[in-house]
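Structural overview for review
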There are 2 protein chains.
Amino acid sequence: MAEKRYQRKIYLEDKPRRDAKQEILDAFQLASESEWIPTGDALGRITAQAVFANVSMPHYHASAMDGIAVNAEETYEAHEQRPLRLRLRDQFAFVDTGNAIPPGFNAVIMIEHVHVIDDETIEIIEPATPWQHIRPIGEDIVQEEMLFPQGHRLRPADLGALLAAQITRVQVMKKPLVTIIPTGNELVAADDALAAGKIIEFNGTVFANYVKEWGGEPNLHDIVKDEPESIKAALLQAVESSDIIVINAGSSAGSRDFTVHVLAELGTVFTHGVATRPGKPVILGKINQKIVVGVPGYPVSAYLALEWFVRPLICKYLQIPEPERQKMSVKLGRRIVSTMGAEDFVRVNIGYVNGQYVANPLTRAAGVTMSLVRADGLLVVPPEQLGYEQGDDAEVELLRPIEEIKNAIVFSGSHDLTIDLLSSQLKQQRHDMKIVSSHVGSMAGVMAIRKGEAHVAGIHLLDPETREYNISYVKKLLSAQDAVLYPFLKRTQGWMVPKGNPLKIEQISDLAETQADFVNRQKGAGTRILFDLLLKEQGISPEQIKGYDREMFSHLSVAAEVKGNEKAAGLGIYPAAKAMGLDFVPVADESYDLLMTKDFFESEQGRWLVSVIQSHDFKNAVEKIGGYAVVSQSEPIFFEAAKLR
Amino acid sequence: MAEKRYQRKIYLEDKPRRDAKQEILDAFQLASESEWIPTGDALGRITAQAVFANVSMPHYHASAMDGIAVNAEETYEAHEQRPLRLRLRDQFAFVDTGNAIPPGFNAVIMIEHVHVIDDETIEIIEPATPWQHIRPIGEDIVQEEMLFPQGHRLRPADLGALLAAQITRVQVMKKPLVTIIPTGNELVAADDALAAGKIIEFNGTVFANYVKEWGGEPNLHDIVKDEPESIKAALLQAVESSDIIVINAGSSAGSRDFTVHVLAELGTVFTHGVATRPGKPVILGKINQKIVVGVPGYPVSAYLALEWFVRPLICKYLQIPEPERQKMSVKLGRRIVSTMGAEDFVRVNIGYVNGQYVANPLTRAAGVTMSLVRADGLLVVPPEQLGYEQGDDAEVELLRPIEEIKNAIVFSGSHDLTIDLLSSQLKQQRHDMKIVSSHVGSMAGVMAIRKGEAHVAGIHLLDPETREYNISYVKKLLSAQDAVLYPFLKRTQGWMVPKGNPLKIEQISDLAETQADFVNRQKGAGTRILFDLLLKEQGISPEQIKGYDREMFSHLSVAAEVKGNEKAAGLGIYPAAKAMGLDFVPVADESYDLLMTKDFFESEQGRWLVSVIQSHDFKNAVEKIGGYAVVSQSEPIFFEAAKLR
């Protein structure tokens, strides 16, 4: 067992992504199949052949109006001064819109222009021209006309055109069957109990749903153990029964990464490793006529690799071009450093603030699913580029509709659990508004407002001199722009400790004395500023605190860390401790306020946000959580740029 | 029966569309319902509540690398000059990516930096820092963190985040049940035989599929007769069982338009007629808590009305904002005249020619389904505007992805059936290229090239002086720009007459003598120019030709007209006559050539088009149709702007 580890292949290729893709596209020569299905079921399907009309529409000369059908030549005498009388049956017939024009007639006069004399007689005062108000045969669709070329994706209205032309069954491309094989001894089904080292298998479900969206038919295989023989058996069976095979994980070069060896044994390996970050450990190969795509286990890498390599195969099978994502130009709110020689796929949040779209990178870690869930766009840094400077313009591919991005309220600063509640209640009132928040800490929140990256920031910054919250920081840091500090909450900070408080942490000196594993917050977080102030007041140096350098980015993250360790402690707010089932020892009350740009405060979105905050529903919900008092009855404080200069 | 006709209500309201919509939105107060479904089935569904994580991800400290887990403090002595040895189990443990960090260890060293001495011993030359290469608990998702707010549409990656947080069932909005009632005595099912005056019921299928796309659950009712009692019964049943009701046709003010009367009897009518063209005859009302939308029978009006009034109701039920269509700015290739006081929805084709997007209106007729199928965009002319001049900039809503519009080869000019074939064969070779054609006639085709509205035009223009085709027209009309005339086909024009040629039409004088119902082509069509020349040569005046003023826009349309009438005749090409089962009497051979802009001819698309034309496959397929000879071995003729001035 130990020996086997040393035989691992340590280095992967760095093949350009486009070359790797072209190779498998060229190798994928499977004949596409088609099928005849009822037209009513064909939404979203791709036509396999050009489609020609079976009948014309209309298939007879049809009245385009409610009125009377006449023979135009018999109406030429009609004049305002000399009304012309026509007799029912031989000289006119009543027709409704869509009726066939009776034989012998060739024009329609609108009912509004007809004066009825009696049941059998009418009068007109204007002649008709031949074919007026008649929809001729084939006005809409002419028999034998081509309705759709090959390769057309059928939309709802298209189905109408097909049925109108009496095409009740349509030949469409079959959906390619894509078998997805999850491998890994660590994987368990979502319903199973979770032990340390075990991971819920969820990539397979994600893959299956992407395949569905892209027009393929997914087939999700059971979890396969990391054993060469099991992988081999699953692959052989999949090659037999499906068109494209995806095997998840085992694509790197670790001691349990067998996929590449099995693939080489059964067929051909084209690529092992592409020049992208994330997404490098990809395997591309072929067994018989079937392409096998081995994708990495980390979710972000996996989903990107699926899009790079599996989607083009599905499109080739369906004989359609690969759809492109909508792109837009953004200004970069932060510097982005990239690796030379590899394409970098940076997930970004985009905010529409002060009339421009500003993008900020999310975490780069390939394992962080939520970074893809939260991303508004993908910034692709080409291999030859080292990155971007703050303020550069760059093009991003959008992962959300642009109007969703445009309408989002960009929330920055410190994390508080009531912001989720605020977000939900706002959304209930206004379905088109939503809060998009990133937890960067109070100081970074003020800076985000200053740099035009956010509309609102939650802050709780204690001034050691004045013992006042927030105001002095806003004055100092936002001297050049108008802003509004909106009083929001009073909340309690305290020691978050395991149930029963085993180390008996009551004050800050207890942390040093018990050598507790302290879990700290990042620099610039309001809680970190409070902690550092407490240390200073008690004359304790950071070196005396074990774990002082271990920084987490939210109250919940600290609480989650504390939960797993009997010797741990952290500083944070009551609801986070409560959510994780921890004990809580109060330390200080603080003001958590909302800093807004003046433009936002005065905007429709700003007014809605404030009205939700002031509502009874919101206050009641917050107070139910415990550890909070809503202070929204206080007046907002306005800071004017001019006065501060 | 006749009396009843006179009781029709002739005039409808002209209510602004937005007011009409707001009224039903306000009146639609049905409580939305939600349901719990397996996460794996939730693609595209809308979250009914904010979703919070059940577990953290990772839920243990996990190795982020393949390597060894160590206690960082025990590695501080390691140095390149003084390698440090560590013993398996008490000083280090092998870990793969994703493994749990064993108790007592707090850092991971990558396998690449480990020197293996024997099965029990390794050596390192660099210290580890605490927590390096470890994914801490909750790095991706922290337990109790809000994953999604209420009202979020779940995408594939979102399902992964839910499953990772061990949420195996998710609460989503129920799909509102939309019952669709097609009414009309003229309606038959698509499979039924078609008599004159009968229409295939296809709107219901289109509605059902739109409802599906918009997130509702459609329920397509059987066809209901135009009888007040039948309509009443269907409506009452629908109100009982569904959330929203759509009733198709009977929404105007004709003698058989009962819907508004039935609705008034059962509930409330808010609106009868909106200020839009097309789409005016809409009925909006309410029975109990259910909104009833009566939409017009003409397909284009119907689909627009559905989008204006039914989609917002579905979105309100689902508590999501109404999605907006992508918009873009275009230059108008033609003047558009609009009615004052009504919003005008003009379907347009958009071509990307000479670096700009040029839009041209399609037919305005509300009954022409294909105009919606063929449209690239919708130009909405506001009620207070009278239209646009040629060359104006205007904003259009896109009905197709922009890259599809950008990649389309815009084909104008005369209609020939081989263009459909060319389109299909090109698409087979290059899935991302397609031909979009409008049949406007040869002269209009040359003008489209001149005005930068098209890339290619099919033309067959006989010069009465030189008896030569096309060249003199290009010289005269395209003097200011570079163009290429690509020799394409020789084809035969002839008399298209009913099977057996009952009137014995052999030459043009027979048309006058037999007083045949001639079906003419529009002015500027090559075939019209040929016909007018034949008349002149034979000294026959247009007045002698019955039906001379009756103009159709394509060979197939003429053939379709001829087919239905034993006394009819037309001039056109052999394959059109063949397609409709007509007899064909040859008159003249002509050259049908492709006029292209020089830029297009030299572009990648132009080169592909020419290569398909020159292929054996294409030639064989054309010659199989009959009546054609492909002449693509001749050299293209280049016209240079400079020389022509």
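Residues numbered from 1 in each chain as written. Chains lettered and ligands numbered in written order. Predicted model: local features only at pLDDT ≥ 70, side-chain atom pairs only at ≥ 80, totals over all residues. Heavy atoms only, no water.

1. Concerning the domain arrangement of chain A
Short version of the rule: Boundary definitions for the domains trace back to an automatic or database domain assignment.
Examined at the domain level, chain A breaks down into domain 1 (2-30 + 176-318), domain 2 (34-57 + 140-173), domain 3 (62-135) and domain 4 (442-644). Distance between the C-alpha centres of domain 1 of chain A and domain 4 of chain A: 44 Å.

2. A few points about the pairing of strand β13 (residues 177-182) of chain A
Residue and element names in this part refer to chain A. Operational definition: To sort residues, take the accessible area from a 1.4 Å probe on protein chains only and compare it with the maximum for the residue type: under 20% means buried, over 50% means exposed, and anything in between is partly exposed. By definition, any uninterrupted DSSP run of H or I lasting at least four residues is a helix, any uninterrupted run of E lasting at least two residues is a strand, and each is numbered from the N terminus. For two strands to be treated as a pair, DSSP must find at least two bridges joining them.
Burial within β13 is extensive, with 5 of its 6 residues counted as buried. Inspection of the sheet shows β13 paired to strand β16 (residues 217-220) by 4 bridges, in the parallel sense. Among the inter-strand pairings, V178 is bridged to a residue of β16, identified as P218. The pairing of β13 with strand β17 (residues 244-248) spans 5 bridges and is classified as parallel. Across the sheet, V178 pairs through a bridge with I244, a residue of β17.

3. What about helix α6 (residues 259-266) of chain B?
Side chains three or four residues apart in an α-helix point the same way, a direct result of the helix having 3.6 residues per turn. All names here are of chain B. As a reminder of what qualifies: Read the arc as the range of directions from the helix axis to the C-beta atoms. When checking whether two residues touch, look at their non-hydrogen atoms; a contact exists if any pair is within 4.5 Å.
If you check which residues of α6 are buried, you get T259, V260, V262 and L263. For α6, the arc enclosing every buried residue in end-on projection is 160°, short of the 170-degree limit, so these residues lie on one face. In this fold, the buried residues of α6 make contact with α5 (228-241), β17 (244-248), β18 (268-272), β20 (283-287) and β21 (290-295).

4. A few points about the interface of chain A and chain B
What counts, and what does not: By buried area we mean how much accessible surface two parts lose on assembly, using a 1.4 Å probe and totalling the loss over both. For this document, the term salt bridge refers to a Lys or Arg side-chain nitrogen within 4 Å of an Asp or Glu carboxyl oxygen. We call two N or O atoms a polar contact when they sit within 3.5 Å, provided that within protein one can donate a hydrogen and the other can accept it, with sequence-adjacent residues counted only if both atoms are side-chain atoms. Three residue categories are used. Nonpolar comprises Ala, Val, Leu, Ile, Met, Phe, Trp, Tyr, Cys and Pro, charged comprises Asp, Glu, Lys and Arg, and polar comprises the others, including Gly.
On the side of chain B, 113 residues touch chain A, which itself brings 113 residues to the contact. Summing both partners gives a buried area of about 9800 Å² for chain A against chain B, and 58% of it is carried by carbon and sulfur. Scanning the region where chain A abuts chain B turns up 2 salt bridges. For the salt bridge of E145 of chain B with R374 of chain A, the shortest nitrogen-to-oxygen distance reads 2.6 Å. Here chain A and chain B share 22 residue pairs in polar contact (both at pLDDT 80 or more) between them. A class-by-class count of the residues in the side of chain A that touches chain B yields 54 nonpolar, 29 polar and 30 charged.

5. Considering the pattern of salt bridges
Residues and elements named next belong to chain A. Under the counting rule described, the total for this entry stands at 74 salt bridges over all chains. Its salt-bridge partner being E139, residue R135 comes within 2.6 Å of it at the nearest N-O pair. Under the relative-accessibility criterion, E139 is labelled partly exposed at 32%. Between D416 and R491 there is a salt bridge, and its shortest N-O distance comes to 2.4 Å. Taken together, the residues D416 in the loop between β29 (408-413) and α10 (418-429) and R491 in strand β32 (residues 483-497) connect sequence positions 75 residues apart. The same class applies to D416 and to R491, which are both buried. Look at the salt bridges and you will find they share partners, linking D376, R400, E404 and K434 into a network.

6. Looking at the relation of the copies chain A and chain B
Our working definition: To line up the copies, we fit them by least squares on C-alpha atoms, keeping just the residues with pLDDT of at least 70 in both.
Once chain A is rotated about the relating axis by 180° and shifted along it by 0.0 Å, it coincides with chain B to within an RMSD of 0.1 Å. The operation mapping one copy onto its partner corresponds to a two-fold rotation axis. Minimal C-alpha distance to the rotation axis in chain A is attained by Q326 of chain A, lying at 4.9 Å. Comparing interface residues between copies, 100% of those in chain A also lie at the interface in chain B; the contact surface is shared.

7. So, the sheet that holds strand β9 (residues 121-124) of chain B
Residue and element names in this part refer to chain B. Selection rule: Orientation is described by axes fitted as lines to C-alpha atoms, over the contacting stretch for helices, and by angles from 0 to 180 degrees between their N-to-C directions.
Strands sit in the order β5-β9-β8 across an open sheet of 3 strands; the sheet is antiparallel. Taken across any chain shown, the strands that pair with only one partner, and hence form the sheet edges, are β5 (84-87) and β8 (115-118). This sheet shows a mean twist of 30° between the axes of neighbouring strands, independent of strand direction. Pairing analysis gives 4 bridges linking β5 to β9, with the strands arranged antiparallel. Counterpart to L84 in the pairing with β9 is I124.

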